[in-house]
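Chains, contacts and geometry: an overview
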Amino acid sequence: IGRKGGMSVSLEHVQEALQVLHDPQRPAEQRRAAHNFCESVKEQDGEAFRLASLLAAPHMPHTSRHFGFQLYEHLITKRWGALPQDSQEQLKQVSLQVLSGGTLNILTEARFIKEKAAQLVSLIAKREWPARWPDLFERLTALTREGETECELALLVLRSIGEGVFEDDRMSDARRNELLQALNAEYPSLFGFCFTTLETHYGNFGASTDPKSKAVSKMLVSACLQTLEAYAPLASMPQICNSGVLPGLRALLHSSELREQALDVLLAIASKKGRDAPHGPFCALIQGILESCGPGGLLAECEYSDHKRLCLILSNFGANHFYTIQGTCASTCACQDSSVREGFLHLMATFTGYQALTVSESTAAFWRNFLDLQAADSVAKMPPAVHTLLLQALADKLRHPKEEDADNDEDVVDYDELLKLWTMAKAKYLDLLKRL
């Protein structure tokens with residue numbers, strides 16, 4: 001990248017300025033001068049690029065590396081349109097080189113450095129992919145085969161691209177639609193890669209006795225789950241359901257170390273609206289969750305926060321996809337005998353009777369919607385056993401709460417707040433009881 005006027009700036013002067021800038025003991029005037037000096041470096045394209053490559057090197061201190069990545073980001077976000085095409089191509093290549101050998105290994109590299117490195121590629125992708133960077137996903141795929149460090153960084157890039165589609169308020173609708181169409185073509189390979197990564201590294205995580213190997217596998221599974229969470233709102237239900245990742249998510253629910261992230265992905269999927277979820281794989285997921293919540297399962301081994309999120313996931317599945325849960329079964333479907341539908345309703349009634357009022361109250365919207373559909377003969381009648389269980393749960397919740405009940409609900413501060421919540425929920429419970 002050629003220079004845009006200005007004088008050459010020494011690396012030593014930049015490092016000295018950074019030391020002053022990050023030293024709270026220095027006088028405010030000195031720190032302000034150091035800040036102004038660092039900002040002036042960004043105004044010289046050639047010097048900014050040269051210094052970025054030196055400052056962001058793996059052996060440099062964190063403060064230097066952070067500023068090095070800031071210089072790269074400035075060139076991409078503030079100067080991109082003014083850079084000649086060859087300079088833009090140079091930045092593309094450098095951003096990929098940072099992923100391949102420009103960081104420390106997966107276990108020792110700082111998280112913020114990984115995020116910064118991944119962000120360089122995603123920032124350029126938002127401007128150039130697919131028309132002017134058609135081989136990006138191919139390059140990222142090849143990167144995943146170079147090693148565990150590169151695989152994690154590639155996953156971080158993919159996640160950042162997915163998150164950036166709707167997080168960038170300055171992106172035009174035309175550009176956003178162009179990215180969505182391009183991503184749609186990549187979903188089969190993207191979800192397939194995520195499925196393979198989950199399967200391989202979750203297996204390694206469970207089988208390995210070496211702490212380092214176990215830590216690496218956990219980090220890769222975690223990065224994979226974050227990527228899935230980013231793309232779940234963007235992809236269609238058939239693309240998600242037919243990718244193979246759903247059974248993997250269900251299996252992760254039994255891992256205390258990875259359960260929270262698996263629940264995050266399931267919540268993103270459950271929150272999707274539409275009527276295109278394939279019945280077979282979707283019902284298999286619900287069946288798996290029901291089995292996981294059986295005697296001695298998740299409801300026994302999880303804590304309140306996981307119970308609350310699991311209830312929210314099931315409520316969203318019920319509100320947005322009950323048509324699939326109670327749909328027409330193929331001869332090989334897991335729910336031929338209606339066990340999925342009945343089991344789902346039974347579990348929802350169990351959550352209505354949950355000791356914490358916050359969790360119980362969150363099921364009211366689902367039951368209201370279900371009873372509307374039942375009144376319109378749009379769904380089969382509620383099984384008698386579920387009807388009895390739900391009646392009992394609602395009747396129990398109408399009892400005036402005791403002071404010790406506040407200890408069961410982690411979302412209320414004290415007994416007074418619990419009483420306020422109960423007063424609001426009471427009307428919902430009474431309405432449901434009348435309709436039952």
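Presented here is an overview of the structure given in this document.

1. Some remarks on the overall build of the protein chain
Scanning the protein chain for helices and strands turns up 21 helices and zero strands. Looking at the protein chain as a whole, 50% of its 436 residues qualify as buried. When contacts within the protein chain are restricted to residue pairs at least 6 apart in sequence, long-range pairs at least 24 apart make up 73% of them. Put simply, the protein chain shows about 20,200 Å² of open surface, and 51% of that area lies on carbon and sulfur atoms. Here the protein chain contributes 44 positive and 55 negative side-chain charges, whose respective centroids are spaced 4 Å apart.

2. Let's talk about the environment of Trp-129
Inspection of the secondary structure assignment puts Trp-129 in the loop between helix H6 (111-128) and helix H7 (136-144). On the accessibility criterion, Trp-129 (2% relative accessible area) is buried. Sequence spacing of Trp-129 and Ala-17 is 112 residues, and the spatial spacing of their C-alpha atoms is 36 Å. Leave out the neighbours within four places in its chain, and Trp-129 touches Ile-124, Pro-134, Leu-136, Phe-137, Arg-175, Leu-179, Ala-182, Leu-183 and Glu-186.

3. Considerations on the packing of aromatic side chains
The final tally for this structure, using the stated rule, is 15 aromatic pairs. Both rings, one in Trp-367 and one in Phe-370, keep their centres 6.0 Å apart while their planes meet at 90 degrees; by these two values the pair is edge-to-face. In this pair, Trp-367 and Phe-370 both sit in helix H19 (residues 364-375), three residues apart, roughly one turn of the helix. Members of the aromatic cluster, each reached through a chain of ring pairs, are Phe-322, Phe-344, Phe-366, Trp-367 and Phe-370. The residue whose ring lies beneath Arg-275 is Tyr-323, and the NZ or CZ to ring-centre distance is 4.5 Å.

4. Quick word on the pattern of salt bridges
Here the structure, examined in full by the defined rule, presents 30 salt bridges. Notably, a salt bridge pairs Lys-114 with Glu-152, separated by 2.9 Å at the nearest N-O pair. Residue Lys-114 is located in helix H6, and its partner Glu-152 is located in helix H8 (residues 148-167); the two are separated by 38 residues in the primary sequence. Residue classification places Glu-152 among the buried positions, given a relative accessible area of 1%.

5. What about the packing of helix H4 (residues 62-77) against H6?
Packing of H4 against H6 leaves a shortest axis separation of 10 Å and a crossing angle of 5 degrees. Between H4 and H6, the angle is such that the two are roughly parallel. Together, His-62, Arg-65, His-66, Phe-69, Tyr-72, Glu-73, Ile-76 and Thr-77 of H4 and Phe-112, Ile-113, Lys-116, Ala-117, Gln-119, Leu-120, Leu-123, Ile-124 and Arg-127 of H6 make up the contact between the two elements. Split into classes, the residues belonging to the contact of H4 with H6 amount to nine nonpolar, four polar and four charged.

6. Structural notes on the side chain of Glu-47
Of note, Glu-47 is situated in helix H3 (residues 45-55). For Glu-47, the side chain forms a polar contact with the side chain of Arg-50, separated by 2.8 Å.

7. Here we look at helix H17 (residues 339-352)
Here H17 spans 20 Å end to end across 14 residues, near enough to the 20 Å set by a 1.5 Å rise per residue. Those residues of H17 that fall on the buried side of the exposure criterion are Val-340, Arg-341, Phe-344, Leu-345, Leu-347, Met-348, Ala-349, Phe-351 and Thr-352. The inward-facing, buried residues of H17 contact helix H14 (279-292), helix H15 (298-301), helix H16 (304-325), helix H18 (357-361), H19 and helix H20 (384-397).

8. Looking at the packing of helix H10 (residues 211-231) against helix H13 (residues 259-270)
For the pair H10 and H13, interaxial distance at closest approach is 9 Å and the crossing angle is 15 degrees. It follows that H10 is roughly parallel to H13 by the angle criterion. The two elements H10 and H13 meet at a crossing, and its hand is left-handed. The residues of H13 that touch H10, namely those facing Ser-222, Leu-225, Gln-226, Leu-228 and Glu-229, are Gln-261, Ala-262, Asp-264, Val-265 and Ala-268. Partitioned by chemical class, the residues of the contact of H10 with H13 number five nonpolar, three polar and two charged.

9. Things to note about the nonpolar core
Leu-136, Tyr-231, Phe-317, Phe-344 and Trp-367 are the most contacted members of the largest nonpolar core, which totals 141 residues. The residues touching Phe-317, leaving out its near neighbours within four places in the chain, are Leu-266, Ile-269, Ala-270, Phe-282, Leu-285, Ile-286, Ile-289, Phe-322, Ile-325 and Phe-344.

10. Topic: the environment of Leu-314
Mapped onto the elements of the fold, Leu-314 is located in helix H16. In this structure the C-alpha to C-alpha distance between Leu-314 and Glu-199, which are 115 residues apart in sequence, comes to 24 Å. Contact partners of Leu-314, with chain neighbours within four places excluded, come to Ile-289, Phe-344, Leu-347, Met-348 and Phe-351.

Parameters and conventions
Residues numbered from 1 in each chain as written. Predicted model: local features only at pLDDT ≥ 70, side-chain atom pairs only at ≥ 80, totals over all residues. Heavy atoms only, no water. Helix = DSSP H or I, 4+ residues; strand = E, 2+ residues; numbered from the N terminus. Buried < 20%, exposed > 50% of the residue type's maximum accessible area, 1.4 Å probe, protein only. Contact = heavy atoms within 4.5 Å. Areas by Shrake-Rupley, 256 points an atom, 1.4 Å probe, with all protein chains shown as cover. Lys, Arg positive; Asp, Glu negative; His and termini not counted. Charge placed at Lys NZ, Arg CZ, Asp CG, Glu CD. Phe/Tyr/Trp six-rings, centres within 6.5 Å; stacked < 30°, edge-to-face > 60°. Lys NZ or Arg CZ within 6 Å of the ring centre and 35° of its normal. Salt bridge = Lys/Arg side-chain N within 4 Å of Asp/Glu carboxyl O. Axes fitted to C-alpha atoms, helices over the stretch in contact; angles between N-to-C directions. Parallel < 35°, antiparallel > 145°, perpendicular 65-115°, else oblique. Nonpolar A, V, L, I, M, F, W, Y, C, P; charged D, E, K, R; others polar. Polar contact = N/O pair within 3.5 Å; in protein donor to acceptor, adjacent residues only side chain to side chain. Expected span 1.5 Å × (residues − 1). Left-handed = near helix turned anticlockwise from the far one by under 90°. Core = buried A, V, L, I, M, F, W, Y, C linked by side-chain atoms within 4.5 Å.

Purely geometric stuff here, so don't read any function into it on its own.
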